[in-house]
Amino acid sequence: MGFLCAWVFLFVVIPYSLASVTVYGQVPLGQATQSASAPSYTAPAAYDPTVLNPPPVPPNLSTQIYLSVPATSNNVSLSQPLKGSFLGFSIEFSVISQVFGKNTSFVQVPFLNLMSNIRQRAGEVRIRVGGNTQETASLVDSLPDDDMALKEPSNLNDPTSTPALRYTADALYMLGNISSLVDVKWFLGIPFNDTTNLRLQIAEVGETVLDSGGYLLGLQVGNEPDLYAAHGVRPSTYSPYDYFGEVGILVDAVNNDNSIPVKNNLVVPSVSGTWTPEDVFNTGIVTSYDNSLGYLAVEHYPTDNCYAQYGIGSPVDPQTVFPDYLNHTSAISLVAPYLNASSYAATVSKPFVMMETNTASCGGFPGISDSFGAAMWAVDYALQMGAVGFWGAMLHVGGQDDYYNPFTPPPTNQSSYHQWTVGSVFYSSIFVAEALGSSGDAQLVDLTNTLTSPSDTTTPPATSIYTPAYAVYENGAPARLVVFNFVTDASGSSTIQFTFGLEGGSVPESVQVKYLLAPSVSSQDNITWAGQVSVVSHPPDYFVRSSLTLPSTHAHQTFGSTFESDGRFQGSPSITTIDCSTSANSCTVPLPAPCIALIFLTSSSYAESNPSTTVTFATTSLTQTWNTATINPTALATSNGISGNERDQLASTSRENGAAPTVAGIRVPLGLGLLGMGVGAWIVGGGTWW
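What you see is a predicted model; the values in this text were computed from it and never measured.

## Looking at the overall build of the protein chain
Within the protein chain one finds 17 helices and 27 strands. For the protein chain, with 690 residues in total, the buried portion stands at 52%. In the protein chain, 80% of the contacts between residues at least 6 apart in sequence involve partners at least 24 apart.

## Structural notes on the sheet that holds strand S1 (residues 64-70)
With mixed pairing, three strands are arranged side by side in an open sheet as S1-S18-S24. Each edge of the sheet is formed by a strand with only one pairing partner; in this case those strands are S1 and strand S24 (587-591). Neighbour to neighbour, the strand axes of the sheet diverge by 25° on average, direction disregarded. Here seven bridges tie S1 to strand S18 (residues 496-503), and the two strands are oriented parallel to one another. Across the sheet, the residue bridging to Pro70 is Glu503, located in S18.

## Focus: the sheet that holds strand S8 (residues 216-221)
What links the strands of a sheet is backbone hydrogen bonding, and the strands pair in either a parallel or an antiparallel sense. Strand order in the closed barrel formed by eight strands is S2-S3-S7-S8-S9-S10-S11-S12, with parallel pairing between adjacent strands. For this sheet, the mean inter-axis angle between neighbouring strands, taken without regard to orientation, is 30°. Summarising the sheet, S8 and strand S9 (residues 266-271) pair through two bridges and their orientation is parallel. When the sheet's bridge partners are listed, Gln220 is paired in S9 with Val267. Sitting on the sheet, helix H13 (residues 372-387) is in contact with strand S2 (87-92), strand S11 (352-357) and strand S12 (392-397), with an inclination near 160° to S11.

## So, the packing of helix H11 (residues 328-335) against H13
At their nearest, the axes of H11 and H13 sit 9 Å apart, and the two run at 40° to each other. When the interaxial angle is binned, H11 and H13 end up oblique. Crossing geometry of H11 relative to H13 is assigned as right-handed. On H13, the residues touching His328, Ser330, Ala331, Ile332, Leu334 and Val335 of H11 are Trp377, Asp380, Tyr381, Gln384 and Met385.

## Considering the pattern of salt bridges
With the rule as written, the count across this model stands at 14 salt bridges. Between Glu124 and Lys185 there is a salt bridge, with the nearest N and O atoms lying 2.9 Å from each other. Here Glu124 is found in the loop between helix H3 (109-122) and strand S3 (125-130), whereas its partner Lys185 is found in strand S7 (residues 184-190), with 61 residues between them in sequence. One salt bridge connects Arg128 with Glu299, and the closest N-O pair in it is separated by 3.4 Å. On the criterion of sequence distance, the pair formed by Arg128 in strand S3 and Glu299 in strand S10 (residues 293-299) is long-range, its members being 171 residues apart. With relative accessibility at 0%, the residue Glu299 sits in the buried group. The network of salt bridges with shared partners includes Lys83, Glu124, Arg126 and Lys185.

## Observations concerning the packing of aromatic side chains
The final tally for this structure, using the stated rule, is 30 aromatic pairs. Centroid distance Phe281 to Tyr344: 4.9 Å. Interplanar angle 35°. Geometry classified as tilted. A residue pair is termed long-range when its members are at least 10 positions apart, and Phe281 in helix H7 (residues 277-281) and Tyr344 in helix H12 (residues 339-347) qualify at 63 residues. Overall, the relative accessible area of 10% leaves Phe281 in the buried class. Chaining the aromatic ring pairs together yields one cluster made of Phe89, Phe100, Phe111, Trp186, Phe407, Trp420, Phe426, Tyr427, Phe559 and Phe569.

## A closer look at the state of the cysteines
Per the stated rule, a full pass over the model turns up two disulfides. What pairs with Cys306 in a disulfide is Cys362, and their sulfur atoms sit 1.9 Å apart. The disulfide joining Cys306 to Cys362 has a torsion of about 75° about its S-S bond and is therefore right-handed. Of this pair, Cys306 sits in helix H9 (residues 306-310) while Cys362 sits in the loop between S11 and H13, placing them 56 residues apart in sequence. Residue Cys306 shares its accessibility class with Cys362, and that shared class is buried. Between the sulfur atoms of Cys580 and its disulfide partner Cys587 the distance amounts to 2.1 Å. Taking the torsion about the S-S bond as the criterion, the Cys580 to Cys587 disulfide, at about -55°, is left-handed.

## Remarks on the side chain of Glu474
Note on placement: Glu474 falls in strand S16 (residues 469-474). A polar side-chain atom of Glu474 sits 3.3 Å from a polar atom in the side chain of Ser439. Within the structure, Glu474 has its side chain in polar contact with the side chain of Arg480 (distance 3.2 Å). Among residues more than four places away in sequence, those in contact with Glu474 are Leu436, Ser439, Asp441, Ala442, Ala479, Arg480 and Glu608.

## A few points about the nonpolar core
In terms of nonpolar packing, the biggest core is built from 131 residues, with Ile91, Phe100 and Phe407 touching the most fellow members. Setting aside anything within four residues of it in sequence, one finds Phe100 in contact with Ile91, Phe106, Val107, Gln108, Phe111, Val129, Met148, Met174, Leu175, Ile178 and Trp186.

## A word on helix H4 (residues 169-182)
The terminal C-alpha atoms of H4 lie 20 Å apart, and with 14 residues this matches the ideal 20 Å at 1.5 Å per residue to within 8%. By the criterion of burial, H4 is predominantly enclosed, with 10 of the 14 residues buried. Three or more residues of H4 are buried, namely Ala171, Leu172, Met174, Leu175, Gly176, Asn177, Ile178, Ser179, Leu181 and Val182.

## Let's talk about the environment of Asn327
If you trace the backbone, Asn327 turns up in the loop between helix H10 (318-321) and H11. Under the relative-accessibility criterion, Asn327 is labelled buried at 12%. Residues Asn327 and Thr467, 140 residues apart in the sequence, show an inter-C-alpha distance of 7.9 Å. Here Thr329 takes part through its backbone nitrogen, which lies 3.0 Å from a polar atom of the side chain of Asn327.

## Topic: unusual backbone geometry
Pro269 follows Val268 through a cis peptide bond whose omega is -10°. Following the sequence through the fold, Pro269 ends up in strand S9. In this model, Ala593 is joined to Pro594 through a cis peptide bond whose omega is 0°. Mapping Pro594 onto the fold places it in the loop between S24 and strand S25 (595-600). One non-glycine residue with positive phi stands out, namely Asn60, at about 60°. Summarising the element assignment, Asn60 is placed in the loop between helix H1 (2-16) and S1. Of the residues examined, Asn60 reaches a relative accessible area of 74% and is grouped as exposed.

## Focus on helix H6 (residues 240-255)
In a regular helix each residue adds 1.5 Å, so 16 residues correspond to 22 Å; H6 covers 22 Å between its end C-alpha atoms and thus fits that length. Here the buried face of H6 lies against S7, S8, S9, H7 and helix H8 (285-288).

## Some thoughts on the environment of Tyr473
The topology assignment puts Tyr473 in strand S16. For Tyr473, a relative accessible area of 0% puts it in the buried group. Taking the C-alpha atoms as reference, Tyr473 lies 8.5 Å from Thr72; in sequence the two are 401 residues apart. If we skip the residues at most four places from it in the chain, Tyr473 touches Val69, Pro70, Thr72, Ser73, Val76, Leu78, Asp441, Ala442, Gln443, Val445, Pro478 and Ala479.

Basis of the calculations
- Residues numbered from 1 in each chain as written.
- Predicted model: local features only at pLDDT ≥ 70, side-chain atom pairs only at ≥ 80, totals over all residues.
- Heavy atoms only, no water.
- Helix = DSSP H or I, 4+ residues; strand = E, 2+ residues; numbered from the N terminus.
- Buried < 20%, exposed > 50% of the residue type's maximum accessible area, 1.4 Å probe, protein only.
- Contact = heavy atoms within 4.5 Å.
- Pairing = 2+ DSSP bridges.
- Axes fitted to C-alpha atoms, helices over the stretch in contact; angles between N-to-C directions.
- Parallel < 35°, antiparallel > 145°, perpendicular 65-115°, else oblique.
- Left-handed = near helix turned anticlockwise from the far one by under 90°.
- Salt bridge = Lys/Arg side-chain N within 4 Å of Asp/Glu carboxyl O.
- Phe/Tyr/Trp six-rings, centres within 6.5 Å; stacked < 30°, edge-to-face > 60°.
- Disulfide = S-S within 2.5 Å.
- Polar contact = N/O pair within 3.5 Å; in protein donor to acceptor, adjacent residues only side chain to side chain.
- Core = buried A, V, L, I, M, F, W, Y, C linked by side-chain atoms within 4.5 Å.
- Expected span 1.5 Å × (residues − 1).

By themselves, these are just geometric observations and shouldn't be taken as functional.
Pasting the structure below:
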C-alpha cells in the first residue's frame, strides 16, 4: 500500500506542483515607483503627488511673542461649551460602500480604526452622510451583489454630474453597527429633489435603527437649496420663500407619518452662500417651524476648483492661492459672514452647524488640499468657528477624484495590495479632538489680538497673522493653549519663541506640549503628531496579512504615505515637557517653522485629552478570495526559474473563461491556505463579532 501511495504521489500530485511560481508582494508594473521624470499626472486626484512651493518667510517676522492669559474667565468672552467631536466628517452618500464597507457583513476596518482614534480623544464622532447625492437617493429592497448603495446615470441638467442613488436598509443598519463600535453620531438627509412625492424612508428606517441608541442627530432638509436653480433642479425663479414653502410640506408630512417618532430634529437651511442664512431666516422659517427644527446649518468653501473639474466658473491657479490658506486672516474672513447667524441661532436655542466644508468645492486643489498647510488651515478654521458660536463642522469626504479627502480607501481593484490613504486634514480632527477634550465643557477664545512682542508691549506684531493663539477654558480656568507658526523655514531662523504668563495667577512649574509638525506647509508626507507613526501592513510572506513596523526611513509618517495606512497609530506619543519660571510667571515654548503646538496647562487637562489605550480592530477578512496562495520571497532568491520549453505547461492566474485551473502557479491544500486566517462575522441586529 505504501508503494502505491508513493507511486500516486509521483505521477498524480507532483505534476500539479510543477507549474510556475508567481511572485507575491509584487506591485503591478504600472504602480511601481519611478525615478525618471514622468508626464503630467493623470491618475485619481486623491493620490496626486503635486507639491507646491511654500510662501517665503514674511519680512520682519517677530520671532519672540508674548501672551498674557487671564487666569479666570470672569472678564473673558468665551464660546459656548464645545465637545472634542467638533470637527467631524461629511461623507458623500454615493461613496458609503467604499468608505464604510460593502454591506453589514463587511465593515471597513481602517475606517473603524480612524474613527476610534477620534472617539478615544473626543468621546464620540460626528458624521453627516449626504451631499448632492442625498437629494436623489431612493430606498429599494435589494441591489445586485448584495451592495447597499448603487449610483445610477447622472442628471444631464446638473453641471456637477451628480449621480442618482439607490440604497437598501442595510446601509442604515451599517451605520448602527459602526455606532455600536466607535460611537458615531449621524446626520442624514431627506431627499428633496421632488417635494410632490417625498421619500421619507430614510427618516423612517433611520430613526428605527439609530435613534434608540441616541445615534441620530438630525435630518437635513435640502442640500444647498440656494444652488437648486443653477443646477437645473428648480426653476430659475426659485427663492428663499419657495424653499420655506417646501420645508412646510415636509414638516406636515413628517408630523403625519407615524413611522417617524421624532418630530423635532430637522436641519435647515444649509445654504452655501448664494443666499445668506438671513435671506432664509427672514422668511419666518425658524419661528414658523420652531417645533420641528433641531439645528440651523450652512455649508461653505473658501473657493472652488469647478473650472478644472467641470469647466464652469473661472480657472484658479493653486500656487497663486496657496498663501491665502496660510495665515489667520483666512479663518477670520471665512467666519465673518456667519457672525450674525450664529448669534441668532443662540437666541432661538438652535445649534449652528457648518454641515459641509473643506479647502475648495469641486474636489479641492492639487498641492493645497492634501498639504500640511491644509491641516493647519483646518485647525485654525475649526477653532475660529468654535470661538464665534458654531456647534460643530464637517470636513467633506468625496471619492477618488477629490483632492481634499481626510481619508480615502484604495480603488477596489487595488485593495489586495494597497491600503488606505490618510489625508492631511484628518490630523486636524485629531488635533481639535485633543484641544477641546472629551468633557464637553471646553470654551474657546481667540487671543491673537492680545499678542505682543519685546519691541512693542501694547499692540500685536504685524506678523501675528502667522502666529495665532487660542486658549481653551474648562470650569472657568485655562486648560490648554493652541499656538501656530504658519511660516516655513528649514534654517531654523523662523522658530518662534512663544512666552506666556497667567494674568491674575501663576504658571505651573512645567507644561506638556504636543506638536503637529511637518518639514514644510507644502509637505504631503512626514506629518507627525506627537512623534507617533502609523501601522503599515505590507504584503506579507505568508497568507495571513500582518502589521509590520515601518523602517526608520519612514519613522515620521503618522499615518503613512499614499496607500499605507490601516487607520492605526504606531508607537508611543512623544510629549515635550517644558519647565516654567513660577517666580517670573512665564513659560517659553518654541514653535518650529511650521507647526501647531498644543500646550497642556494642567495634568488633568492632559489626561482628559490623551487616552491611555485606543481600541483598534484587526482585519479578519480579505476582499480578494482567489490567487491567494503565497511563497516566502527568500525561497525565490535561490530558485532556478523555468526554461523556455516549459512555457506551454504554464497555467493562468486569472479567472477568464478557458483558463487552466492552477491557482497562482502552485497547488496549496485548502487547509494550509487558510491556516491562521481569522474568520469574522458581523451580526447586524445584535452588534456582535464572532
